[in-house]
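Residue strings, one per chain:
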Amino acid sequence: AMAGAPALKPLVAVGQVTSTPDKELNFAACAGLVREAARRGACLVFLPEGFDYIGSDTAQTLSLAEGLDGDLVGRYAELARDCGVWLSLGGFHERGRDWPTTQRIYNCHALLDPAGHLVATYRKTHLCDVELEGRVTMKESSFTNPGTEIVAPVSTPAGKLGLSICYDLRFPEISLALRRAGAEILTYPSAFTVPTGSAHWEVLLRARAIESQCYVVAAAQTGKNHERRTSYGHALVVDPWGAVVAQCHEGPGLCYAEIDLDYLHRIRQEIPVHGHRRPDLYGTVAATGLAPAP
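Residues numbered from 1 in each chain as written. Predicted model: local features only at pLDDT ≥ 70, side-chain atom pairs only at ≥ 80, totals over all residues. Heavy atoms only, no water.

**As for a nonpolar patch on the surface**
On the surface, a nonpolar cluster with roughly 280 Å² of combined accessible area is contributed by Trp241, Ile271 and Val273. Here isoleucine 271 is to be found in the loop between α7 (261–270) and α8 (273–276). In this structure isoleucine 271 comes out as partly exposed when scored by relative accessible area, which is 37%. (Patch = residues over 30% accessible without salt bridge, like charges linked within 9 Å, V, L, I, M, F, W, Y side chains within 5 Å. Areas by Shrake-Rupley, 256 points an atom, 1.4 Å probe, with all protein chains shown as cover. Salt bridge = Lys/Arg side-chain N within 4 Å of Asp/Glu carboxyl O. Helix = DSSP H or I, 4+ residues; strand = E, 2+ residues; numbered from the N terminus. Buried < 20%, exposed > 50% of the residue type's maximum accessible area, 1.4 Å probe, protein only.)

**Section: unusual backbone geometry**
For glutamine 103, which is not glycine, the phi dihedral falls at a positive 55°. By secondary structure assignment, the location of glutamine 103 is in the loop between α4 (99–102) and β4 (106–112). Among the residues examined, glutamine 103 registers a relative accessible area of 42% and is labelled partly exposed. We note that histidine 234 has phi near 60°; this positive angle belongs to a residue other than glycine. As for its placement among the helices and strands, histidine 234 is situated in the loop between β13 (229–232) and β14 (236–238).

**Regarding helix α3 (residues 71–83)**
Taking 1.5 Å per residue as the helical rise, α3 with its 13 residues ought to reach 18 Å, and the 18 Å between its terminal C-alpha atoms agrees with that figure. Looking at α3, one finds that the buried residues are Leu72, Val73, Tyr76, Ala77, Leu79, Ala80 and Cys83. Summarising the axial view, the buried residues of α3 lie within an arc of 160°, below the 170-degree limit, and thus occupy one face. Exposed positions of α3 whose direction lies more than 90 degrees from the buried face are Asp71 and Asp82. Buried-residue contacts for α3 involve α1 (23–39), β2 (44–47), β3 (86–94) and β4. Immediately beyond the C-terminal end of α3, within one or two residues, lies glycine 84, with a positive phi of roughly 65°. (Expected span 1.5 Å × (residues − 1). Arc of directions from axis to C-beta. Contact = heavy atoms within 4.5 Å.)

**As for the UniProt feature "domain: CN hydrolase" (unreviewed entry) in the protein chain**
Under the feature "domain: CN hydrolase" (unreviewed entry), the UniProt entry names residues 8–261. Helix makes up 28% of residues 8–261 and strand 31%, and the two end C-alpha atoms of the span are 12 Å apart. (UniProt positions renumbered as here; feature names shortened; annotations may be inferred.)

**Comments concerning the pairing of β3**
On a regular strand, each side chain points to the face opposite its neighbour's, so the side chains alternate between the two faces of the sheet. With 9 of its 9 residues buried, β3 lies for the most part within the structure. Inspection of the sheet shows β2 paired to β3 by 4 bridges, in the parallel sense. Its bridge partner lying in β3, phenylalanine 46 is registered against serine 88. The pairing of β3 with β4 spans 6 bridges and is antiparallel. Residue pairing across strands places leucine 89 opposite alanine 110, the latter belonging to β4. (Pairing = 2+ DSSP bridges.)

Given below as structure tokens:
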């Protein structure tokens, strides 16, 4: 770089896909997006919840699940190595070690580094059990085990990344706990339904960014996943001021955003909400086992 030239800010790519029960087609689609993002210079690529597949019923969902040591994660590890990128695999249907006894899976957000190493796994702690009369019925807890811990933010070339999944977005406590532990980017890979997405998606993502003063990255499912399910889409990135700085249009694709940590730290300095909290009045939001950032 020339002397005095501004340093390039890290670029992240956010994926929007239409997963179906066909795992091979889904992998081909996601791999194509990852390769495209790598060509554009992204250091970190985000894929949504259900990137591996979205089953048409509970029996199919359970039958298609794999372990983290299985073929699919191995192929994504190879893809990360080939492309030299970090990969946020935003919601993997994981057969855990307790599968033989529980016959239930975990909704697992897996983070791979450019060497293909699995550097973090977060299992969704808030399961989506909702019933909008005549519109949407979901009972994730009927076949999924809830995760038992919030995972410490991970240092990446774009910043310290805090992992969540979809329905976790409705619980500000998890974002505040991750912020206290040092997060600079919060990620909510999702498969929002159309009724809930059109009402709540953007406003919740922007709220999480504003209150935590973090970048918020939300990869998304879009369109018709199978005959009984359509996803909202609108994958986006919000900056720490609450502005939407990137967003996907309809259909599969990518959006890109630069992560400006100098800007993030300036906002935190100008409006120091973190230091203004009143734990003497309402306690401290902190995750079990996570130390506060220095």
